[in-house]
Amino acid sequence: MTTATAELLTVPEVMARLKLGRSTVYDLIRSRRLTSITIGRSRRVPAVAVRDFITREIEEAA
């Protein structure tokens, strides 16, 4: 697996990392709380976007 491939996560990979359901992940993407890109018909989430999302959520909870 190349570095570029490892940096783009599929929705199921994001679901597993965040322990969330598919609808919730798509809601986060739709509301722009989680950044994503579309390549062809595939939705991909940069790994850094997941880390940023977690950081923001922790900061808001504090």
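It should be noted that the structure appears before, not after, this text.
Residues numbered from 1 in each chain as written. Predicted model: local features only at pLDDT ≥ 70, side-chain atom pairs only at ≥ 80, totals over all residues. Heavy atoms only, no water.

Peer 1: How do you make sense of the pairing of strand S3 (residues 42-46) when you look at a structure like this?
Peer 2: The side chains of a regular strand alternate between both faces of the sheet. For strand S1 (residues 8-9) and S3, the ladder comprises two bridges, and the chain directions are antiparallel. Within the sheet, the bridge partner assigned to leucine 9 lies in S3 and is valine 45. The sheet contact formed by strand S2 (residues 37-39) and S3 spans three bridges and is antiparallel. Counterpart to threonine 38 in the pairing with S3 is arginine 43. Where S2 folds back on S3, the antiparallel hairpin that results is connected by two residues, among which glycine 40 adopts a positive phi of roughly 65°. (Pairing = 2+ DSSP bridges. Helix = DSSP H or I, 4+ residues; strand = E, 2+ residues; numbered from the N terminus.)

Peer 1: Got a minute to help me understand unusual backbone geometry in this structure?
Peer 2: Generally, phi is negative for residues other than glycine and the peptide bonds are trans, each holding for most cases. Positive phi, close to 55°, is recorded for lysine 19, a residue that is not glycine. Of note, lysine 19 is situated in the loop between helix H2 (11-18) and helix H3 (22-30). The exposed category is assigned to lysine 19, whose relative accessible area is 71%. Backbone geometry places arginine 32, a non-glycine residue, at a positive phi of 65°. Mapped onto the fold, arginine 32 is located in the loop between H3 and S2. (Buried < 20%, exposed > 50% of the residue type's maximum accessible area, 1.4 Å probe, protein only.)

Peer 1: Honestly, the packing of H2 against H3 in this entry has me stumped. Any pointers?
Peer 2: Axis angle and axis distance: for two packed helices, these are the angle between their axes and the distance between the axes, and together they describe the pair. The interhelical angle for the contact between H2 and H3, taken along N-to-C directions, is 105°, at an axis separation of 9 Å. Taken together, the axes of H2 and H3 lie roughly perpendicular to each other. Side by side, H2 and H3 meet where Val11, Val14 and Met15 of the first sit next to Arg22, Val25, Tyr26 and Ile29 of the second. In the contact of H2 with H3, the residues fall into six nonpolar, no polar and one charged. (Axes fitted to C-alpha atoms, helices over the stretch in contact; angles between N-to-C directions. Parallel < 35°, antiparallel > 145°, perpendicular 65-115°, else oblique. Contact = heavy atoms within 4.5 Å. Nonpolar A, V, L, I, M, F, W, Y, C, P; charged D, E, K, R; others polar.)

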